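# Reading the structure
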Amino acid sequence: TRLENKGWRIDYINVTNKGNVISAEEIQKIFQPFHRGSNAKNYKGFGLGLALAKGIIGIHKGTLNVRSGLSEGTIFEIAIPSLKSIQAGIDLAAF
C-alpha cells in the first residue's frame, strides 16, 4: 500500500496471520530482545527477530506496529517514509 500526500510518499507493508491471537500483555513485550511468546515453546528461535526488525525499520525513520484480535487475527504494519518525506521533516504520525 502506498500513501502519497503533497509528493511525500510513505510505503506500507501489512503482514496478517489468521492463526493464534497475541494477548495485549504479550504485545507490550514482543519487541523486547530475547522475549519469546508463551506459545513459542515448540518453535526454534531466540526472540530476536522482531526486536531487530523494529530497530532496522526505526533507523530508516519507519515504524513497526502490531494489533491482534479474534476477528482480524494478528496484523504487523510497517511504514517506511521516502527520503523526500524525511528531508521535509514529515512525521509518520501525521498520516
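Calculation rules
- Residues numbered from 1 in each chain as written.
- Predicted model: local features only at pLDDT ≥ 70, side-chain atom pairs only at ≥ 80, totals over all residues.
- Heavy atoms only, no water.
- Helix = DSSP H or I, 4+ residues; strand = E, 2+ residues; numbered from the N terminus.
- Buried < 20%, exposed > 50% of the residue type's maximum accessible area, 1.4 Å probe, protein only.
- Contact = heavy atoms within 4.5 Å.
- Areas by Shrake-Rupley, 256 points an atom, 1.4 Å probe, with all protein chains shown as cover.
- Core = buried A, V, L, I, M, F, W, Y, C linked by side-chain atoms within 4.5 Å.
- Phe/Tyr/Trp six-rings, centres within 6.5 Å; stacked < 30°, edge-to-face > 60°.
- Lys NZ or Arg CZ within 6 Å of the ring centre and 35° of its normal.
- Pairing = 2+ DSSP bridges.
- pLDDT = per-residue confidence, 0-100.

### Section: the overall build of the protein
- Broken down by element type, the protein carries 3 helices and 4 strands.
- Evaluated residue by residue, the protein yields a buried proportion of 25% over its 95 residues.
- Excluding contacts between residues fewer than 6 apart, the proportion of contacts in the protein whose partners are at least 24 apart in sequence is 50%.
- For the protein, the exposed area adds up to about 6800 Å²; of that, 56% sits on carbon and sulfur atoms.

### Thoughts on the nonpolar core
- Core analysis: the largest hydrophobic core is formed by 7 residues, namely I30, F31, I57, L64, V66, F76 and I78.
- Put simply, the parts of the chain that give this core at least two residues each are β3 (63-69) and β4 (73-81).
- Among all residues touching L64, those that are not within four sequence positions of it are F31, L50, A53, K54, I57, F76, E77 and I78.

### Points about the packing of aromatic side chains
- The full count for this structure, using the stated rule, is 0 aromatic pairs.
- Above the ring of F31, the side-chain terminus of K54 is found at 4.5 Å from the ring centroid.

### Topic: the pairing of β4
- Counting buried residues along β4, 7 of its 9 residues qualify, which places the element largely inside the surrounding structure.
- Where β3 meets β4, 7 bridges bridge the pair, whose relative direction is antiparallel. Its bridge partner lying in β4, N65 is registered against E77.
- Linking two consecutive strands that pair antiparallel, namely β3 and β4, is a turn of 3 residues.

### Quick notes on the confidence of the model for the protein
- Per-residue pLDDT for the protein averages 84, and the proportion of residues at 70 or more is 87%.
- For the protein, the element scoring lowest by mean pLDDT is strand β1 (residues 2-5), at 55; helix α2 (residues 49-59) scores highest, at 94.

### So, the environment of F34
- Following the sequence through the fold, F34 ends up in the loop between α1 (24-27) and α2.
- Accessibility expressed as a relative area gives 59% for F34, which makes it exposed.
- Along the primary structure F34 and G49 are separated by 15 residues, whereas in three dimensions their C-alpha atoms are 8.8 Å apart.

### Concerning unusual backbone geometry
- The phi torsion at F34 lies on the positive side, around 70°, for a residue other than glycine.
- In the Ramachandran plot, K61 falls in the positive-phi region, its phi being about 65° despite a non-glycine side chain.
- Here K61 is to be found in the loop between α2 and β3.

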